[in-house]
Amino acid sequence: MMSDSADRRIKDRYPAMCLKVQLQERGFFGRGKNSTAVTCLDLNRYGMAVLCPRPVESGARLYMDFHGKYICESRVAARVISCQPYQTGYRVSIQFSYCFDKKGYSRTVDNALSRIEGLYNRYAS
């Protein structure tokens, strides 16, 4: 049975367990709160799913930092779509902000996330 989140996806996601990701909730005036290391479950250029040790409220605004082989991208704006108990923590579904906010669109971020997606697409194949 497919979940609702899978039905909403524009594009397939690719497994990316080895991608190091830091999630940071955005506070007022764009300031970030404490960051949390999370495990990336899957991703594409529009969003991702992570395993987080703590719950994150739906609608929360985030900054995401990505580190991996050939990858170093920081402060990518995103928002939480849903958060559900999963395995040893919480499965957090995330959508990158440049996709839904025309004012927030950045070709640089779009290109960076496309490059990350491409690396994991090739890795998955």
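As the structure is a computational prediction, the values presented were derived from the model and not from experiment. (Residues numbered from 1 in each chain as written. Predicted model: local features only at pLDDT ≥ 70, side-chain atom pairs only at ≥ 80, totals over all residues. Heavy atoms only, no water.)

### Remarks on the pattern of salt bridges
Convention followed: Here, a salt bridge means any Lys or Arg side-chain nitrogen found within 4 Å of an Asp or Glu carboxyl oxygen. Each helix corresponds to a stretch of at least 4 residues labelled H or I by DSSP, and each strand to a stretch of at least 2 residues labelled E; elements are numbered beginning at the N terminus. Only protein chains enter the calculation, and the probe is 1.4 Å; a residue is then buried if its accessible area is under 20% of its type maximum, exposed if over 50%, and partly exposed in between.
By the definition in use, this model includes four salt bridges. Put simply, Glu25 and Arg54 hold a salt bridge, and the shortest N to O gap is 3.0 Å. Taken together, the residues Glu25 in strand S2 (residues 20–26) and Arg54 in the loop between strand S4 (47–52) and strand S5 (61–68) connect sequence positions 29 residues apart. Accessibility expressed as a relative area gives 18% for Glu25, which makes it buried. On the accessibility criterion, Arg54 (26% relative accessible area) is partly exposed. In this structure, Arg45 engages Asp110 in a salt bridge whose closest nitrogen and oxygen atoms are separated by 2.4 Å. Of this pair, Arg45 sits in the loop between strand S3 (32–43) and S4 while Asp110 is found in helix H2 (residues 107–124), placing the two residues 65 residues apart along the sequence. Among the ionic contacts, a cluster of salt bridges with common partners joins Arg13, Asp42 and Arg91.

### Details of the nonpolar core
A general feature of soluble globular proteins is that nonpolar side chains tend to end up buried together. Rules: By nonpolar core is meant a set of buried Ala, Val, Leu, Ile, Met, Phe, Trp, Tyr and Cys residues that side-chain atoms within 4.5 Å join together. Working rule for contacts: check all heavy atoms of both residues, and any pair within 4.5 Å makes them a contact.
With 28 residues, the main nonpolar core has Leu19, Met48, Met64, Phe66, Ile94 and Phe96 as its most contacted residues. Among all residues touching Met48, those that are not within four sequence positions of it are Arg13, Val21, Cys40, Asp42, Leu43, Met64, Phe66, Val92, Ser93, Ile94 and Phe96.

### Points about the packing of aromatic side chains
The condition is simple: Working definition: rings of Phe, Tyr and Trp (its six-membered ring) pair if their centres are within 6.5 Å, and the pair is stacked with planes under 30 degrees apart, edge-to-face with planes over 60 apart, and tilted otherwise. The criterion for a charge sitting over a ring is simple: Lys NZ or Arg CZ within 6 Å of the ring centre, and within 35 degrees of the ring normal.
Here the structure, examined in full by the defined rule, presents two aromatic pairs. Seen from their ring centres, Phe66 and Phe96 are 6.1 Å apart, and the 75 degrees between their planes marks the pair as edge-to-face. Placement of the pair is Phe66 in strand S5 and Phe96 in strand S7 (residues 89–96), with a sequence separation of 30 residues. We classify Phe66 as buried; its relative accessible area is 0%. Under the relative-accessibility criterion, Phe96 is labelled buried at 0%. Ring centres of Tyr98 and Tyr105 lie 5.9 Å apart, and the angle between their planes is 55 degrees; on these two criteria the pair is classed as tilted. Residue class for Tyr98 comes out buried when judged on its relative accessible area of 8%. Arg75 extends its terminal NZ or CZ atom over the ring of Tyr63, reaching a point 3.9 Å from the ring centre.

### A few points about the environment of Asp42
Short version of the rule: Pairing of N or O atoms within 3.5 Å defines a polar contact, subject to two protein rules: one partner must be a possible hydrogen donor and the other a possible acceptor, and residues neighboring in sequence count only if both atoms are side-chain atoms.
Its place among the elements puts Asp42 in strand S3. Taking relative accessible area as the criterion, Asp42 reaches 14% and is therefore assigned buried. Separated by 29 residues in the primary sequence, Asp42 and Arg13 place their C-alpha atoms 5.7 Å from one another. At 3.2 Å, the side chain of Asp42 and the side chain of Arg13 are in polar contact.

### Considering the pairing of S7
Stated precisely, the cut-off is as follows: Only strands joined by at least two bridges in the DSSP assignment are considered to pair.
Of all eight residues in S7, six are buried; the element is thus mostly enclosed. Sheet topology places S4 next to S7; six bridges connect them, and they run antiparallel. Bridge pairing links Leu51 to Arg91 in S7. In terms of strand pairing, strand S6 (residues 71–86) meets S7 through eight bridges, oriented antiparallel. Within S7, the position partnered with Arg79 by the bridge is Gln95. Here S6 folds back onto S7, and the loop between the two strands holds two residues, one of which, Gln87, carries a positive phi near 45 degrees.

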